[in-house]
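Working through the structure, step by step
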Amino acid sequence: MTGRPTHGKTPDGTPRLVLKGIGKVYPGVVANEAVDLEVRPGEIRAVLGENGAGKSTLMKIIYGVTRPSAGQMLWEGKAVHVENPAHARSLGIGMVFQHFSLFETLTVVENVALALPGAPALDELAQRITEVSERYGLPVDPRRHIHALSVGERQRVEIIRCLLQNPRLLIMDEPTSVLTPQAVRKLFETLRQLAAEGCSILYISHKLDEIQELCHTATVLRGGKVTGECIPAQETPQSMARLMIGKDLPHCVHGSARGDGELRLRLAGLSHACEDPFGTDLKDIHLDVRAGEIVGIAGVSGNGQQELLRAISGEETLAVKFPVQICGVEAGRLKPAARRRLGLAFVPEERLGRGAVPGMSLADNALLTAARGQDMLAGGFVRFGRAHAFAQRCIEAFKVKCNGPAAAAKSLSGGNLQKFIVGREILQAPRLLVCAQPTWGVDVGAATFIRQALIDLRDRGCAVLVISEELDELFEVCDRIAVIAKGRLSPTRPAAQTSVEDIGVWMSGMWPAADLEHQPPAGTPTEPANA
Amino acid sequence: MDAGLFTSMLFSTVVAGTPLIIVALGLLVSEKAGVLNLGAEGMMAMGAVAAFAVTHHSGNPWLGVAAGMGAGAAMALLFGVLTLTLMANQVASGLALAIFGVGLSAFIGKPYEAIALQAVPPIRIPFIADIPLIGEALYNQQALVYFSWALFWGLLWFLYRSRAGLVLRAVGESPASAHAIGYPVIRIRYLAVIFGGAMAGIGGAFLSVFYTPMWAEGLVAGRGWIALALVVFATWRPLRVLVGAYLFGGVMITQLFIQGSGLQIDFPSQLLSSLPYWATIVVLVAISRNANAIRLNSPVSLGKPYRPDA
Amino acid sequence: MLELEARTEPSRLMSWASPLLAVALMLAGGMLVFSALGKDPVEGFRIFFLNPVKDLYGVSELLLKATPLMLCAIGLAIGFRANVWNIGAEGQFMLGAVAATGVALHFDGADSAFVLPAMVLAGALGGAAWAAIPALLRTRFNANEILVSLMLVYVAQLFVSWLVFGPWKDPDGFNFPQTRMFGEAALMPMVLEGTRLHAGFVIALGVLVAGYAFMNRSFAGFRMRVAGEAPEAARYAGFSAARMIWVGLLLGGAAAGVAGMGEVAGPMGQLTDKVGSGYGFAAIIVAFVGRLNAFGILLASLLMALLYIGGEQAQQYLNLPSSISMVFQGMLLFFLLGSDVFINYRLRLRRRAV
């Protein structure tokens, strides 16, 4: 990559923003403590830290969404209390949220109008949106509804919404987690252009390579506190990782797959029209997953992953049974419980509210999927002792930090709850495990643990399907990788024979039509496919 | 059908539809902001009794309407405190409001039972009231009938043309996003809920002061619930509320006319009287069958509590 | 400035203390109401809350009143736990009464021991059948069960009125809207001699125990709790949403129907157009105040029954409309909903931001 940032170009004079001793305490949690931070005009500063380090809270404080419990903020040399986001915007601060603050049923121009002061005429505003989008290479149609846009387009709307107010400080919260590698390049060009025009940028991320590529300076947070500052260009990923997590990045132990195990999951021309008007239709999906291998599905979110997972798990049943075959049984019309009896286990993307009931104890949450298979029932009544014992076993085997099986699911941290859910599924000795976003929003320690657990499960002869938006994760655990885009699935490639760049191209929906893999035509489900 | 009968049926249909329009449009506003207030029946009952009492004592129906509006708004405020400030379950609180309002109105209204008010004369709009067939029916009406039309047009403009309406819709769609870009979600929801209550109060006042005009326990007779159903039926669109309310008004009036016509129809009056309720169910089923229409149009955060973390 | 602060874990203490707090606030509110009406609050309190239970007969009346409340409420609670909002128990109660009356009138004069059980069964089926309408429309057409079940209350009321004004009117009843009095075989046996407390109370206690077992011990009850707290988790686990709607509504309808049977075969002894006296709606309050759990519902139904009888006493001795009891009931539920916030939040004094 060309254009490593030069560090002499930040102008002298007053910093644009100075934070002094910022602290934020939630009941039971210290989100930020004595944080100092400074950003100068034209500077791109990374705020680096792993999940749960307090980055987002800090940015929300700057943007006036959250009030600090301690500390001071200087804006262009003057002390300010940012009362609310409108106040922040009037100062010249813009923010692009990780989970976009857009309104699905409104149009682009309406969304933009909501964030602007006064009552701009919508036609005129649409014109301005077009101008800005052309100037910064962010094409978007101002008349379209947000729900009709792709994730990347939505992010453009968020950015344009900020740019229309000529911000002097732009906060980007994990902006690349929803983009293809190519779109990331494009975004970086825009950000460099902005910085060159004098805008300051706070860039929140936990991705070390991106920060090295883009940012002039970096502030590292761990456990809510600043643990160091650095110039990313002068560091190595390892040295920054040590600042970030206090030790070297752990890695999974990964042997090679056998690849000749029995067929555990076959998708044979799976097509499904989505009921949700905002959803994605699945089109003619073919995939085989065998015992003893991990297959990964990459893709930008919103390209059919949710629908595919529901079709496999049985949360959404099909009208015909052959397109989903689990352990040799045509299961398209079976309900989730019946599919589980065939040996399927499933870890959904959302932990709270889907994978676990927030207000219920871990023991009760064990009942959720393990009741029948693990003999926790007697004549329609629950044997609570057994559920408790199972939860206890899960807590021990998967090192879940909690107050025992009686602890409410919502009292656990994201990483620990995910370990519990993954553990609950793995302890049922599945023949096929489907896992969505296994480590989304999870701290590094738990993420490594979970990935290792998946690999160990594979080595015990289970078939594993992982769907993730994190390419690095897929390359770390998977034997074969496919890409989902606009409801279609690409052929799979052995992970060792492909690269992040290739998969990135595929993520935009462009993969070679006739690939190495032989695809059985729809309707002939029994012919074996060889990878 | 002869012209006189047509005119008088149209007249009565408009009258019967009017409280439904006013109440349903009020509810539509609070639901657009994401708040589901099932207490409409109670707010209407309180509005009705307050309006009746004040009109009875003051002799001025407009003071009565104001009192009804105030009573409805006060009930809505109570609901707002429970659900918006104290984050109680909206469904449970709405049911509580309905039961409480009906009970309290019965209690307050006890001394006013069996009193009749002077009928309020209609307002005749010159010239257009002379249009044959429809003029008498539409333009020689109670002031609140004209108010319901003004409310309809005003709301259309507010929701789809004004910035405040845009903000309201945004809050109902995603309170978290609205909060993140700096809108006072809770305050906006309070205003929307109170507006809904005020309109329910006026709807109640229309029943007790203009329509019947008397007070009796059970006067509202499920109209609050029908108004709630209307909002769903209308898939949260004002024009459909208007059409739906007159359809319901038509059903109510038709069964009354059949009962009063002396036609030799061998059908018990009680069963005829249940027609509007069956109609509500049928319409609800017809519209709910299309789950996508409901999902696309219903405010996304409807009924879900939201508390900004500060 | 006072503000609410989220607790890290819900407070167990407050989940028990909150109903007590609500009762205390209701009593305080009640005293205020009495004063506002120009009555001596202490005297009002005595007449309203103590008078009804001053002797055995008073207590038996209280239990009699509580019977339909606990029956309806336990049935509703099962549905409410799964977010199945059946608010038409009043209508299901009336249809249960109608069905039981049908059996009683059909076997009028018969002296069989099977008449009563048949009436109980008919009551349950009648209530369940009425509740099956919203269940069917919800599962088949996605129609909101709140509105449908509620509309059916009005339909049921008109249906009852048609029956007692028309086909079932007692020919010797001087044109009153009521059926003939039931025969001996169609009347509930008394539990306490010299009172009106009948076997329906024992049935209600039995149903409470069964309700407890279902909700807290059975896997079906667990599934319903999951569906109520996290519908997506229920779908993930493969618990059928349609089945829960059916179970919630049918059980609620059946329980309400039995309660309706208990009224016509108990204190009323006939069907009249006043059979629905608001028990079905009051039961919603009972279910919430009782925390949707069987033991809580037992206590809450006694409290609500006390409020009903207190209202009658207030009418008799204080010259207040008996609907004052509804005011108290409403206050109770509001205070409960309000004080429940402290289960998940605590009050904290906020200093101005630094």
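In terms of regular secondary structure, chain C is built from 14 helices and two strands. A compact globule built from 354 residues should have a C-alpha radius of gyration of about 20 Å, and chain C, at 22 Å, falls within 12% of that. The buried share of chain C, taken over its 354 residues, is 56%. Sequence separation of at least 24 residues holds for 77% of the intrachain contacts in chain C that already meet a minimum separation of 6.

Residues and elements named next belong to chain A. Of all six residues in strand β9 (residues 217–222), five are buried, a share of seventy percent or more. Two elements, strand β3 (residues 44–48) and β9, share four bridges in a ladder whose sense is parallel. Among the inter-strand pairings, R45 is bridged to a residue of β9, identified as T217. The pairing of β9 with strand β10 (residues 225–230) spans five bridges and is antiparallel. Each bridged residue has a counterpart across the sheet, and for V220 the counterpart in β10 is G228. Hairpin connection between β9 and β10: a loop of two residues separates the two successive antiparallel strands, and G223 in this loop has a positive phi of roughly 55 degrees.

Moving on: the sheet that holds β9 of chain A. All names here are of chain A. Overall, mixed pairing links the six strands, which are arranged β6-β7-β8-β3-β9-β10 in an open sheet. The sheet is open, and its two edges are formed by β6 (93–96) and β10, each paired on a single side. The mean angle between the axes of side-by-side strands here comes to 20 degrees, regardless of whether they run parallel or antiparallel. For β3 and strand β8 (residues 200–205), the ladder comprises five bridges, and the chain directions are parallel. Looking at β8, one finds that I44 is bridged to I201.

Looking now at the interface of chain B and chain A. Facing the 16 residues of chain B at the interface are 19 residues of chain A. Broken down by secondary-structure element, the contributors of at least two residues to the side of chain B that touches chain A are α7 (163–173), α8 (175–180) and α14 (291–297) of chain B. When the residues that make up the side of chain B that touches chain A are grouped by side-chain class, the tally is seven nonpolar, four polar and five charged.

Residue and element names in this part refer to chain A. Pairing geometry for strand β1 (residues 17–26) and strand β4 (residues 70–75), over five bridges, is antiparallel. In the sheet register, V18 faces β4, and the bridge partner there is L74. Summarising the sheet, β4 and strand β5 (residues 78–79) pair through two bridges and their orientation is antiparallel. Each residue of the ladder has a partner; that of W75, found in β5, is K78.

Here we come to the nonpolar core. A24 of chain B together with C72 of chain C are the most contacted members of the largest nonpolar core, which totals 406 residues. Discounting residues that sit within four places of it in the chain, A24 of chain B has contacts with A227, L230, V231, V241 and A245 of chain B.

Once that is clear, we can look at the confidence of the model for chain C. Taken residue by residue, chain C gives an average pLDDT of 90. The fraction at 70 or more is 98%. Among the prediction metrics, the complex's ipTM stands at 0.88, with pTM recorded as 0.87.

Buried accessible area, meaning the area lost when the parts come together, often serves as the stated size of an interface. In this complex, chain B contributes 36 residues to the contact, which on the side of chain C involves 36 residues. Put simply, the parts of the chain that give the side of chain B that touches chain C at least two residues each are α4 (90–109), α10 (223–233), α12 (269–273) and α13 (275–288) of chain B. Sort the elements by how many residues they give to the side of chain B that touches chain C and α4 of chain B lands first, with 11 residues.

What counts and how
- The residue numbers shown here count from 1 along each chain, following its written sequence.
- A letter from A marks each chain and a number from 1 marks each ligand, given out in the order of writing.
- Local features in this predicted model are restricted to residues whose pLDDT is 70 or higher, and side-chain atom pairs enter the listing and the counts only when it is 80 or higher, whereas totals over whole chains, interfaces and linings include all residues.
- Runs of E in the DSSP output that reach at least two residues are strands. Runs of H or I that reach at least four are helices, and both are numbered from the N terminus.
- Radius of gyration: C-alpha atoms only; globule rule: 2.2 Å multiplied by the number of residues to the exponent 0.38.
- Backbone-placed C-beta atoms define the burial measure: a residue is buried with 20 or more other C-beta atoms within 10 Å of its own, exposed with 12 or fewer, and partly exposed in between.
- For the purpose of contact definition, each residue receives a C-beta atom placed from its backbone, and two residues are in contact when these atoms lie within 7 Å.
- One requirement defines pairing of two strands: DSSP has to find at least two bridges between them.
- Lines fitted to C-alpha atoms define the axes here, with helix axes fitted over just the stretch in contact, and angles between the N-to-C directions of these axes take values from 0 to 180 degrees.
- When residue character is reported, Ala, Val, Leu, Ile, Met, Phe, Trp, Tyr, Cys and Pro are called nonpolar, Asp, Glu, Lys and Arg charged, and the others, Gly included, polar.
- A set of buried residues drawn from Ala, Val, Leu, Ile, Met, Phe, Trp, Tyr and Cys, joined through C-beta atoms within 7 Å, is what defines a nonpolar core.
- pLDDT runs from 0 to 100 and stands for how confident the predictor is about each residue.

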